[in-house]
Amino acid sequence: MSKKNRTGRWALAMASLMAAGAGQAQTTVLQPVRVEGEQDAALRASVQQERARLARVPGGTNLVEPQREGRLATLRDALDYQPGIVIQDFFGGTDQPRLNIRGSGIQSNPVNRGVLLLQDGLPLNEADGSFVIGLLEPRNAALISARRGANAIAPGATTLGGEIDFQSLTGADERASARVEAGSFGKYAVQAAGGWQGEKADGRISASQDWYKGYRHHSRSRRGSVQANLGFVLDNGFENRTYLNWTDLRFQIPNVVPKSWIWSDPRGVMGDGNSPQDRMMNIYQRDPRRHTQQLRLANLSRWGDESLSQTVGVYWQNTDDSFKNPTFYTDTDSDTAGAQWSLDGKAGEQVDYRLAASFANSSMDRKLYAVSPVNGSRLQRFGNYDLTARNLDLSSGASWRFAPDWTLSGDLKWSQVERNARNRDTGNKTDQDWRYLTPRIGMNWTPVQDLRLFANYSRSHEAPTFWEIVNGDVAANNPAAATSKIARLDVQKARTVELGAVGQYGQPRWEGEWSITAYRSEVEDELLSMFDASGNNQATLNYGDKTRHQGVEVGVSGVAPLFDTMGLQYRLAWTYSDFRFRGGEYAGNRIAGVPRNLLSAEVLLRSGAWRFGPNVRWLVSDTPTDHANTAAIYQDSYALLGFSVHYQPSSQWRLWVQADNLTDRRYASSYVIRGKIGAQPPAAQQPTFLQGNGRSITAGLSYRY
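Residues numbered from 1 in each chain as written. Predicted model: local features only at pLDDT ≥ 70, side-chain atom pairs only at ≥ 80, totals over all residues. Heavy atoms only, no water.

1. Concerning the packing of aromatic side chains
Logical step 1: Summed over the entire model, instances satisfying the criterion amount to 17 aromatic pairs.
Logical step 2: Both rings, one in Phe328 and one in Phe382, keep their centres 5.9 Å apart while their planes meet at 80°; by these two values the pair is edge-to-face. Taken together, the positions of Phe328 in strand 15 (residues 328-347) and Phe382 in strand 17 (residues 378-403) put the pair 54 residues apart, joining distant regions of the chain.
Logical step 3: The exposure class assigned to Phe328 is buried, which follows from its relative accessible area of 8%.
Logical step 4: An angle of 55° between the planes, with centres 4.7 Å apart, marks the rings of Tyr543 and Phe581 as tilted. Of this pair, Tyr543 sits in the loop between strand 26 (537-542) and strand 27 (547-563) while Phe581 sits in strand 28 (residues 566-581), and the two are 38 residues apart along the sequence.
Logical step 5: With a relative accessible area of 2%, Phe581 lands in the buried category.
Logical step 6: A network of ring pairs unites the aromatic residues Trp400, Phe402, Trp406 and Trp445 as a single cluster.
Logical step 7: Across from the ring centre of Tyr519, 4.5 Å away, lies the NZ or CZ of Arg102, which sits over that ring. (Phe/Tyr/Trp six-rings, centres within 6.5 Å; stacked < 30°, edge-to-face > 60°. Helix = DSSP H or I, 4+ residues; strand = E, 2+ residues; numbered from the N terminus. Buried < 20%, exposed > 50% of the residue type's maximum accessible area, 1.4 Å probe, protein only. Lys NZ or Arg CZ within 6 Å of the ring centre and 35° of its normal.)

See below:
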């Protein structure tokens, strides 16, 4: 029996034993969902508690309640209308969308760094900072909480992108639930969950499975997931919860194509034609794909009261990842273990303080193999690496309410980071370690009850992952000459100034929320990844001069009455990003890969149990895909129109239909990012883009009580 099958069966067995969330959440615009015992669940904040915690952050935040959405198959379904969070689809299935907050990790392809992902407050990233974003299961999240940029509070969150915390549903939230979805391009999804709640304990187990045939050729995907948790509360206030997650993710990679294919062959891949380029990069023969399986165990405890409390968490995860691009395999077996402690206290009525520490260690075994251009089989091994990543993070912070409407807050994080790599075949090794301080100071001002203004100044640091440190170089027409190397890189650093406001308006029948945040980050040693003419990753480097990230993040949501029994529900998110090189080779150019204007909006008519209306996702302006800003390979702007219908006759039953890209617009959903595109072949003929999905319809039914 294979290792992956053994791991999966063991996870299912353990889960069965354990079975004995625009700016702010839209809590006023949807029909209520019954949540039993919400505030009695151990170690799970209620919506009101999480909203109050985010209101103390002097910067941009998001609070999402994904269970209020209809379709929840992908990360986009949960986060599509959130300002400051940019998601660019790859293949539209359960694969690996590109997540970007303020340019965090946007240069990695696939995206694997730049944001600290948390599950119930504990890191999901490997210790080197990398992650596989397709492993996330939003259907099991009660709340999703984002603290953008340096507003992150986890001791290990020091990057420009901040943190996103997925807080699990518990047995106190629901006794049972079931969900079925089906849609275009062979999309099917099922989920079933069961929970129980006693006087002092609760538990929940959920299993889900997704299948997707794919819009493009060679783009099948599949994901299976089992998640369980068991929590209890003692009479003295001690809380504890244990979590188990097991995920099996598999998908084919159609890879990039020349720009003209977006319109001439929106489903096509290299190999559908008979040109020399098709024959050399034939996707059917090379068969690029990814198979990732992860088992994760975690435990979290809390004790104390409002004046002084402590939280301790430990976690372990094994990730078996086989990632095959068109020219070489990367096989990684990773074991990650970590621990986190925090102390939260009050000194009188005006001062809150916090101390925290975290430690994480990853031991990775990574092997690189050349790919046969004839049948996609493994050829010679050209890299055999022993990789070790360690992080020690200490943080302290305090907030002082020095006047009724004013609160001053600040925190300081100290980090010791190690990235050690050794090639077992050659003996070459590179040990790298860094120590840095990451400070932040901010201010909240609440002049009136429904308005909060904030400002902060911060620094951020991002150490490279092993995806940047270890590089393979394989010519598509000469796999026998494949080589690998270890790169020495520096930490990406930034200084950020942020200003913004959050407010509410209206009366009970005409009410809404809004937020606006503006920021500017001066970045040094930005990590940039480079790709060859075939669209394959070559190397990552620190840019030799300064860069600048600046932007505006706006969210609006609310309800408006039409008649006595009807009304409008609306939400809008606009993210403006102006990222540029300040000096060096590309001085004055825009940094490739970041949409300059991205707008998502939805308007629904509400009448009784029905909600229905249009939505739009609008890439307002063209986007450069190389740092030289070559006009021939810009991603063209587009607007995707959709329409959704929701029917919810009770708090238990919900039916929805979602139509996307109603006009069947042909567009590029994503692309590889290059420094400067080569002369041969001409720019427009070099594989760069991923075609976006065509017109589609998804329908679903859910039940919970």
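2. So, the side chain of Gln658
Logical step 1: Checked against the element boundaries, Gln658 lands in strand 32 (residues 653-660).
Logical step 2: At 3.2 Å, the side chain of Gln658 and the side chain of Asp660 are in polar contact.
Logical step 3: What Gln658 contacts, discounting residues up to four positions off in sequence, is Arg71, Asn615, Phe643, Ser644, Ser696, Ile697 and Thr698. (Polar contact = N/O pair within 3.5 Å; in protein donor to acceptor, adjacent residues only side chain to side chain. Contact = heavy atoms within 4.5 Å.)

3. What about the nonpolar core?
Logical step 1: With 26 residues, the main nonpolar core has Phe382, Leu387, Phe466 and Val470 as its most contacted residues.
Logical step 2: Taken together, the elements giving at least two residues each to this core come down to strand 13 (289-305), strand 16 (351-371), strand 17, helix 7 (466-469), strand 21 (470-475) and strand 22 (478-486).
Logical step 3: In this structure Phe466 touches Asp128, Met364, Arg366, Leu387, Thr388, Ala389, Arg419, Asn420 and Ala421, once residues within four positions along its chain are discounted.
Logical step 4: Grouped together as the second largest cluster of nonpolar side chains are 20 residues, Ile87, Phe131, Ile133 and Ala141 included. (Core = buried A, V, L, I, M, F, W, Y, C linked by side-chain atoms within 4.5 Å.)

4. Some details on a nonpolar patch on the surface
Logical step 1: Together, Trp610, Phe612, Leu641, Phe643, Tyr647, Trp653, Leu655, Leu662 and Leu701 give the surface a local cluster of nonpolar side chains, amounting to about 780 Å² of exposed area.
Logical step 2: Those elements that provide at least two residues to the nonpolar patch are strand 30 (610-619), strand 31 (638-647) and strand 32.
Logical step 3: Looking at the secondary structure, you find Trp610 in strand 30.
Logical step 4: Given the relative accessible area of 41%, Trp610 is considered partly exposed. (Patch = residues over 30% accessible without salt bridge, like charges linked within 9 Å, V, L, I, M, F, W, Y side chains within 5 Å. Areas by Shrake-Rupley, 256 points an atom, 1.4 Å probe, with all protein chains shown as cover. Salt bridge = Lys/Arg side-chain N within 4 Å of Asp/Glu carboxyl O.)

5. Side note on the pattern of salt bridges
Between side chains of opposite charge, a pair can form as their charged atoms come close.
Logical step 1: Within this structure, the stated rule accounts for 47 salt bridges.
Logical step 2: Residue Arg204 is joined to Glu174 by a salt bridge in which the shortest nitrogen-to-oxygen separation is 2.8 Å. A residue pair is termed long-range when its members are at least 10 positions apart, and Arg204 in strand 10 (residues 201-212) and Glu174 in the loop between strand 7 (162-168) and strand 8 (176-183) qualify at 30 residues. Across the pair, Glu174 and Arg204 agree in class, each one buried.
Logical step 3: The partner of Arg378 in a salt bridge is Asp331, with the nearest N and O atoms 2.3 Å apart. Taken together, the positions of Arg378 in strand 17 and Asp331 in strand 15 put the pair 47 residues apart, joining distant regions of the chain.
Logical step 4: For Arg378, a relative accessible area of 39% puts it in the partly exposed group.
Logical step 5: Here the residues in one salt-bridge network are Glu50, Arg53, Arg147 and Glu163, joined through shared partners.

6. With respect to helix 2 (residues 47-55)
Logical step 1: Within helix 2 the residues assigned to the buried category are Val47, Glu50, Arg51 and Leu54. For helix 2, the angular spread of buried residues about the axis comes to 100°, placing them on one side.
Logical step 2: In the core, the buried residues of helix 2 are packed alongside strand 1 (61-64), strand 6 (141-148), strand 7, strand 20 (451-462) and strand 24 (510-524). (Arc of directions from axis to C-beta.)

7. Here we look at the pairing of strand 14 (residues 308-324)
Logical step 1: A large share of strand 14 lies buried, amounting to 12 of its 17 residues.
Logical step 2: Judged from the 17 bridges that link them, strand 13 and strand 14 form a sheet pairing that is antiparallel. Bridged to Leu295 within strand 14 is Asn318.
Logical step 3: Count of turn residues in the strand 13/strand 14 antiparallel hairpin: 2 residues.
Logical step 4: Sheet topology note: the strand 14/strand 15 ladder contains 17 bridges and is antiparallel. Its bridge partner lying in strand 15, Gln310 is registered against Leu343.
Logical step 5: Between strand 14 and strand 15, which pair antiparallel in sequence order, lie 3 residues. (Pairing = 2+ DSSP bridges.)

8. A few points about unusual backbone geometry
Logical step 1: Of note in this structure, Asn629 is not a glycine but carries a positive phi near 60°.
Logical step 2: Of note in this structure, Asn661 is not a glycine but carries a positive phi near 50°.
Logical step 3: Among the structural elements, Asn661 can be located in the loop between strand 32 and strand 33 (668-671).

9. Some details on the environment of Ala360
Logical step 1: Its place among the elements puts Ala360 in strand 16.
Logical step 2: Considering only alpha carbons, one finds Ala360 and Arg424, 64 residues apart in sequence, at a separation of 24 Å.
Logical step 3: Contact partners of Ala360, with chain neighbours within four places excluded, come to Ala127, Tyr315, Ala337, Gly338, Ala389, Arg390 and Asn391.

10. Things to note about the sheet that holds strand 1
Logical step 1: Across the sheet, 5 strands lie side by side as 1-6-7-4-5; this open sheet has mixed pairing. Pairing within the sheet leaves two strands with one partner each, and these edge strands are strand 1 and strand 5 (122-123).
Logical step 2: Examined bridge by bridge, strand 6 and strand 7 share 7 bridges and lie antiparallel to one another. Residue pairing for strand 7: Arg147 is matched across the bridge by Glu163.
Logical step 3: Across the sheet, helix 2 lies against strand 1, strand 6 and strand 7, angled at about 0° from strand 6, the strand it touches most. (Axes fitted to C-alpha atoms, helices over the stretch in contact; angles between N-to-C directions.)

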